[in-house]
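# Per-entry structural report
Next come the chains, spelled out residue by residue.
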Amino acid sequence: HMLRGLVTMDPFDSSDSLEGPSKTAATNAEVPVPWSRFSAWLECVCVVTFDLELGQAIEVHKLRKTSICYLSFPDSYSGCLGDTQFSFRLRQSVGRSSSWFGHEDAYNRDAPVTLQKEHAHFHGYVYFRQVKDASVKRGYFQKSLVVVSRLPFGNLFHSLLQVIAPEYFEKHEPWLETVCNEIDQWPAPVPGQTLNLPVMGVVMQVQIPPKNLLPAPTVLPSVHELDLFKCFQSVLIHMQMLWELMLLGEPVVVMAPSPTVSSETVLALVSAIAPLRYCGDYRPYFTIHDSEFKEYTTRTQAPPNVILGVTNPFFIKTFHCWPHIIRLGDLKMSGDLPKQVKVKKLAKLKTLDTKTYIYNFLLCNKGIYTAYKTFLHKDKSFIKRLLKGIQKKRPSEVQSAILRRHLLEQTESFILPLERYLESLMPPQRSMSPWKTPPQIRSFSQDEFMKTLEQAGPQLTLKGDWTGLYRRFFRSPNFDGWYRLRHREMTQKVECLHLEAICAADLLTWNKDKSEVEIVDLILKLREKLMKARKHQLPVKEELLEKLEQSIQTIISSLPEDLQTLLHRQ
């Protein structure tokens, strides 16, 4: 049956992947157009329950059923009693590779690159409840309420679940129907605007940061930022190493005691290189039932560029060949300095032969297992500042702000020389001629860039092998993603400058001594440019485009009637 845009289906039928509301006739027939507001925020809401015979079974959903079922429950090793919140990330369909640049919509044009929608992946936000229940054969009530979205707004959606999930477990589907009706009244997610999002008597006031980052009002909660200090409290002295591993897109496994610790740590790692977008794959919570399990655990090739958050001890042996493994304990905030884990050699993992020893090892040996040596030295003054804050009982929010600012400045200092070099590749504006094809952007030369570092290198006091770090970065998925995005933006800028040159030109005078073939060819090219400018919403003043459109119409009216008719039909 239909539940206000939420679909109840057999969780183990053959059709495991649905592509959203526009892909099935049944959904098209039932979901009215007004649900577009709901769809601007969420793909669907799922209810996952535990069936004693089938295992996890989905009750209300409309996406990849089996994957969501397994990802919505903690591993049995986690022992989560009471209420637990965590998140996961999954591909839209099996075999589809990640694409950051597939679609351009109004939200993505205005949002920072780290908060843009992904069109090949979904984010799942889970509220799981496990409590003793004598009326259930298994002895426990086990159910998850999951919201699935393309938006990476962990704080917002976990806050939403905190409001709706406890009531749902008491009132069931009619409660969800009411909640979905309210979400369908929410304003669109517009970056830079203060949004009031009412749900069941609570109004969540949020602001999505705009692309040109402005200071967000401190009274508003963030839609996406985590408590970085809490997530990294046991690895603070290794932040330089973790930052470099993220920057270089290295394969990393985070082994944690619970899905909450796993998902928060992975998301914190991904955010550590903001405003640079992490362009590798990442899974905040990954299980042996995931559809990409075989892909990510094969030993016939090098580990892929992915960050995996896991809780099952089985993964200790499965991933012992991976180059970087982070084994964490519970994230407990206290007034004292959390015990800092040590960096250990990977050779220790190769001695794990028995299941009993593996399990005991996982429980007793926390640390970062890697042979990686950082290119840059640690910033000891920064670490001392954080440690001093712990001694002075500085609030976690302040510690997180200090940590986030440090990581932001380090990433910006790393990217700044690259941005300066890219600017030098742009053709000069004086070379833009309305009568010629736009000039080409020069190719990126690694060697040429390296020469610029001598005079315009990173503006940090951190010492180390910056050149080596850049050369390694050039081989990473993050450089590839960053360069493709920036090259696309530069290409659009060249298109804008060329279009402005055309709009400023005297087309009517040029037209006087040209043949009909030349004039028709010009008209077709100008029309194509106009169409492209409006389709991609290039930042060209509308009055210039209107002026160009009028010039085209004037030129057409000067042609013979048969050509006028032909051009008007096109």
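Described in the following lines is the structure provided in the data block. (Residues numbered from 1 in each chain as written. Predicted model: local features only at pLDDT ≥ 70, side-chain atom pairs only at ≥ 80, totals over all residues. Heavy atoms only, no water.)

### Notes on the sheet that holds strand 10 (residues 252–255)
By way of backbone hydrogen bonds, the strands of a sheet pair with one another, either parallel or antiparallel. Strand order in the open sheet made by the 6 strands is 11-12-10-13-15-14, with mixed pairing throughout. Two strands bound the open sheet, and with one partner strand each, they are strand 11 (281–283) and strand 14 (343–344). Looking at chain direction, strand 10 and strand 12 (residues 306–310) are connected through 4 bridges and run parallel. From the neighbouring strand, methionine 255 faces strand 12, where its bridge partner is valine 310. (Pairing = 2+ DSSP bridges. Helix = DSSP H or I, 4+ residues; strand = E, 2+ residues; numbered from the N terminus.)

### What about helix 5 (residues 154–171)?
If you check helix 5, its first and last C-alpha atoms are 25 Å apart, about what 18 residues at 1.5 Å a residue would give, namely 26 Å. Taking the largest bend as the criterion, helix 5 deviates by roughly 35°, centred on isoleucine 164, and proline proline 166 comes between one and four positions later. Within the span of helix 5, buried status applies to Gly154, Leu156, Phe157, His158, Leu160, Leu161, Ile164, Ala165, Tyr168 and Phe169. Two residues or fewer past helix 5, histidine 172 is found with a positive phi of approximately 65°. (Expected span 1.5 Å × (residues − 1). Bend = angle between axes of the 7 residues up to and from the residue. Buried < 20%, exposed > 50% of the residue type's maximum accessible area, 1.4 Å probe, protein only.)

### Considerations on the pattern of salt bridges
Taken as a whole and assessed by the stated rule, the structure comprises 21 salt bridges. Between arginine 89 and aspartate 281 there is a salt bridge; the shortest N-O distance is 2.3 Å. Of this pair, arginine 89 sits in strand 5 (residues 82–91) while aspartate 281 sits in strand 11, and the two are 192 residues apart along the sequence. Aspartate 281 carries the same exposure label as arginine 89, and that label is buried. Across the pair aspartate 513 and lysine 514 runs a salt bridge, and its minimum N-O distance is 3.0 Å. For aspartate 513, a relative accessible area of 61% gives the class exposed. For lysine 514, a relative accessible area of 25% puts it in the partly exposed group. Each of Arg89, Arg91, Glu118, Asp281, Arg283, Asp290, Glu292 and Glu295 takes part in one network of salt bridges that share partners. (Salt bridge = Lys/Arg side-chain N within 4 Å of Asp/Glu carboxyl O.)

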